[in-house]
Amino acid sequence: MAPSAERLARLLLKEISASATPEETARLLASGAEERTQGTELVLLQILDRIADHDASRGEGAFADDCQAAVSRLQALPDETDPPVTGLLALICLNATLLQRRFETLTHASVRRVDEFCAALFRQARLGEAIKHLYRPASGEGSREAGIWSELDFGALSYHKAGTTSFITVATPRTLGLTGTHAKLALKCVLFPWNKLGTIAKATEDYARTYGADRTTDVVVQPIASSSRWILMPFQRGRTLHEDLIDFEASAPAMGERLAKAREVGLGLLRALDDLAANEPITSTMPHRQHLDLSPNNIILAPGDSGIRFIDLGRNHLYSRQVGIAEHDDSVYVSPEVKNRGVAPSSDVYSLGVILIRILSGHPPRDGLVPDAIWEFSPALGRVLDDFVEENPRNRLLLVDGSDDPQQLDLRPVQDFFTLACDMAAQEPEADLRWRNRWFARMLPASREVKAQYRQWLLMRRSRADRYRTSSYLLFYSLVATGCWWFIATRTALFSVGDLIGDLSLNQAVSFAPKDMSGKDVMAATITAFTQGLLGAKFYQTILARLTVRKVPGPLARVTEVLIRVMAIIPLPATLLAVMWQPWLWAWVGAVSAMLVTLTHWLITVHANRISAAGSAAGLSTVPSMERVFARGYEQWWWTMLLYAVILAGIAFGLQVGWLRDTYAYVLGLTIVSIGIHYISKLVTAGHAIRGGLARVFSAAERIAILKARGEAAGVPWPLKVRGVSAGGMRAG
């Protein structure tokens, strides 16, 4: 820069700090156009340092405020030179405001406030003339860009919105020439100092060549021209997905509404991404057929039936861990390999997964994990999203048919995979828009699980999904569990008032029952059989009905699978042995059943920790750490149930030898514990969360098995050996 530019830069900074003398203000207003332009550019190139120094002495945000004050002061003074000093100061103010916004936690209100402020700057000062001079194409950037730049009417330029590294204005051409037939254009100007970074300047200059009409489909808002500092494209009507989701969240949607929205957006984006790829398999060698910066702000929902339009394609270099704000704001949508300056065919699928998580949970995941609430709502949906947002692209989309080659990706199987998951999630009781139905499903012992599983089984059968046999297997045992519950209910709940207040034994209705049993034992057997049936049905249908460790090798896994399925009929012995045969066995049968439940809890805990450790060893990022495997303290259930079994055995022994006599008191206490703690507190309140946490871990076993089959996890011990178990879980080695 010439010495005159440095002098002008100092004068501009004095005006901003309100320390300029009248003579210095006069020299600033008397300066020439080139001198002003170069001086302003010098300030803008050092703007981050200028903001830091100014705000350190005057308070946070003072630099932008003082810029605006300087614009207001100088507007009253004559200035006939283009670009006007007020316009240049307004451009500095605009840059400072938008740069500061990038380092703050943004809310819808703060974004709108900043956008309104920037729009007012355009109206207040002749900012368009400043942009015309500061952003004009360099001499070596081509005559076409210079010609298009000269056709724009900068006096009519207006502010539209801000991007990550830029601000977007609405421009109109003086004539319909080099800009084509578009009467309304979007001019994207890269903020200082980002436009001086080599990677950003190069990507901006090449944007029109990379994503122009001859290389992309109509799903892209195709650029007309670009230079190292700006991109010109047709103005696309419509709202961004980000704006649409803000309005969606304001309606406080239920989970069923979130699912419908996620399905609509997800399928629309998958079709658009397939269109971007020219309906061909995606490869890493053709990055112009991928978005690579897919976020709600870069997706426009065109009005009517026009569908989705993509803007701002290509790697955002501020998120490539070169500038220092890689983990801020929209960077959460960018896949890890793109942040690390790489690319994979599934990079946009990762971004899609994060967008879907935002729709389903209300916010994007900052820890890279699918939120527990999604797994709690639908394990099928959580399974798909886990496969989408896996950090390592080689471990991504393992569950999708035909995705064996990590070097290319056909999006049509991904569409089918996601569609089936949404259809299955729509069958969940929690997807019902009527709160009464959701409440009843939570409270009822069968949890409407058979109905949901049957509908999901039909969907898998029609789609010929690879998990159809597993679904048939699990549905069969759900039917068995439901059948057991209704048998127990009819044998224990359908009694008369006389049964409650008289000495008549229920055994009198059963020909093979002894006739000398006391009424106390009969009543105790009946009540405990009913409560065990209630607990057994709720435990199996809420937590176990869709869990399986069939993908886990080893004899211990097979034993665990058998015990999980035995839980479908675990309450049945209490009715067959105590109610229909020997009522005095009621406490012993309960103790034995509780011991089997204890063993099942323990083995599930062992295998969940084992799979978590193996998943971490295999490099699966979506498998939670061992500290986060269990929801709502499930790792404590096995030893608390063991304590319950010991107490039951003690009561049984005491009653049998005559040390304990008040049978009704013990039955009442056990019933309160069973209904109040086990049924309400554990199964109704925490059951779905526990099922979701276990389903997440057991789903990882599928992906580990696939990696082992591919030979890509050869060093992962599978299964792992148990070295020790404590009340808090287990250690795996």
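Structure report, in brief. Quick caveat: nothing in here was measured; it's all calculated off a predicted structure.

## Side note on helix α27 (residues 637-657)
(1) Moving on: Between the first and last C-alpha of α27 there are 30 Å, a value that for 21 residues agrees with the 30 Å anticipated at 1.5 Å per step.
(2) Moving on: Just downstream of α27 lies Gly658, where phi reads positive at about 90°.

## With respect to a nonpolar patch on the surface
(1) Moving on: On the surface, Trp435, Trp439, Phe440 and Leu444 cluster together into a nonpolar patch covering about 450 Å² of accessible area.
(2) Moving on: Position of Phe440 among the secondary structure elements: in helix α19 (residues 435-443).
(3) Moving on: Among the residues examined, Phe440 registers a relative accessible area of 38% and is labelled partly exposed.

## Section: the nonpolar core
(1) Moving on: By size, the foremost hydrophobic cluster in this structure holds 133 residues, and its most contacted members are Phe310 and Phe388.
(2) Moving on: Examining the composition of this core, we find that 15 residues originate from one element, helix α28 (residues 663-710), more than from any other.
(3) Moving on: Discounting residues that sit within four places of it in the chain, Phe388 has contacts with Val349, Tyr350, Leu352, Gly353, Leu356, Arg396, Leu397, Val414, Phe417 and Phe418.
(4) Moving on: If you look at the next biggest cluster of nonpolar residues, it comprises 63 residues, including Leu13, Ala119, Leu134 and Tyr159.

## Concerning the pattern of salt bridges
(1) Moving on: A full pass over the atoms with the stated rule returns 32 salt bridges.
(2) Moving on: In this structure, the salt-bridge partner of Arg434 is Asp432, at a minimum N-O distance of 3.2 Å.
(3) Moving on: Since its relative accessible area comes to 56%, Arg434 is described here as exposed.
(4) Moving on: You can call Asp432 buried: its relative accessible area is 18%.
(5) Moving on: Of the charged contacts, one joins Glu449 and Arg691 as a salt bridge, the two residues approaching to 3.9 Å between their closest N and O atoms. Taken as a pair, Glu449 in helix α20 (residues 449-463) and Arg691 in helix α28 lie far apart in primary sequence, 242 residues in all.
(6) Moving on: According to the relative accessible area criterion, Arg691 is buried, its value standing at 3%.
(7) Moving on: Within the structure, one salt-bridge network assembled from shared partners comprises Arg239, Asp244, Asp247 and Lys261.

## As for the sheet that holds strand β9 (residues 308-310)
(1) Moving on: Overall, antiparallel pairing links the 3 strands, which are arranged β6-β8-β9 in an open sheet. Every other strand in the sheet has two partners, leaving β6 (239-240) and β9 as the edge strands with one partner each.
(2) Moving on: Sheet analysis places strand β8 (residues 299-301) next to β9, joined by 3 bridges and oriented antiparallel. If you follow Ile300 over to β9, its bridge partner there is Arg309.
(3) Moving on: Along the sheet face, helix α13 (residues 255-276) touches β8 and β9 and points at about 50° away from the line of β9.

## A few points about the sheet that holds strand β4 (residues 225-226)
(1) Moving on: If you walk across this open sheet you meet the 5 strands as β1-β2-β3-β5-β4, and the pairing is antiparallel. The two strands at the open ends of the sheet, each matched to only one other strand, are β1 (158-162) and β4.
(2) Moving on: Across 4 bridges, β1 lies against strand β2 (residues 166-171) in antiparallel orientation. Bridge assignment links Lys161 to a residue of β2, and that residue is Ile168.

## Considering the packing of helix α26 (residues 586-617) against α28
(1) Moving on: For the pair α26 and α28, interaxial distance at closest approach is 11 Å and the crossing angle is 25°. Here α26 lies roughly parallel to α28, going by the angle between them. Read as a crossing pair, α26 and α28 show a hand that is left-handed. Here Trp586, Ile604, His607, Ala608, Ile611, Ser612, Ala614 and Gly615 of α26 come into contact with α28, specifically with Thr663, Val667, Leu670, Leu694, Val697, Phe698, Ala700, Ala701 and Ile704.

## Section: the packing of aromatic side chains
(1) Moving on: Here the structure, examined in full by the defined rule, presents 17 aromatic pairs.
(2) Moving on: Relative to Trp486, the ring of Trp485 has its centre 6.2 Å away and its plane inclined at 50°; by these criteria the two rings are tilted.
(3) Moving on: Judged by its relative accessible area of 7%, Trp485 falls in the buried class.
(4) Moving on: Plain terms: the ring middles of Tyr634 and Trp637 are 5.2 Å apart, the flat faces sit at 55° to each other, and that makes the pair tilted. We note that Tyr634, like Trp637, is buried.
(5) Moving on: An aromatic cluster is built from Tyr135, Phe167 and Phe192, whose rings are joined through pairwise contacts.

## Overview of the environment of Leu642
(1) Moving on: Within the secondary structure, Leu642 sits in helix α27.
(2) Moving on: Residues Leu642 and Thr598 lie 44 residues apart in sequence; the distance between their C-alpha atoms is 5.6 Å.
(3) Moving on: Beyond its immediate sequence surroundings of up to four residues, Leu642 is in contact with Met595 and Thr598.

## A closer look at the environment of Gln236
(1) Moving on: Within the secondary structure, Gln236 is located in the loop between β5 (230-234) and β6.
(2) Moving on: The sequence separation of Gln236 and Pro303 amounts to 67 residues, and the corresponding C-alpha distance is 9.7 Å.

What counts and what doesn't
Residues numbered from 1 in each chain as written. Predicted model: local features only at pLDDT ≥ 70, side-chain atom pairs only at ≥ 80, totals over all residues. Heavy atoms only, no water. Helix = DSSP H or I, 4+ residues; strand = E, 2+ residues; numbered from the N terminus. Expected span 1.5 Å × (residues − 1). Patch = residues over 30% accessible without salt bridge, like charges linked within 9 Å, V, L, I, M, F, W, Y side chains within 5 Å. Areas by Shrake-Rupley, 256 points an atom, 1.4 Å probe, with all protein chains shown as cover. Salt bridge = Lys/Arg side-chain N within 4 Å of Asp/Glu carboxyl O. Buried < 20%, exposed > 50% of the residue type's maximum accessible area, 1.4 Å probe, protein only. Core = buried A, V, L, I, M, F, W, Y, C linked by side-chain atoms within 4.5 Å. Contact = heavy atoms within 4.5 Å. Pairing = 2+ DSSP bridges. Axes fitted to C-alpha atoms, helices over the stretch in contact; angles between N-to-C directions. Parallel < 35°, antiparallel > 145°, perpendicular 65-115°, else oblique. Left-handed = near helix turned anticlockwise from the far one by under 90°. Phe/Tyr/Trp six-rings, centres within 6.5 Å; stacked < 30°, edge-to-face > 60°.

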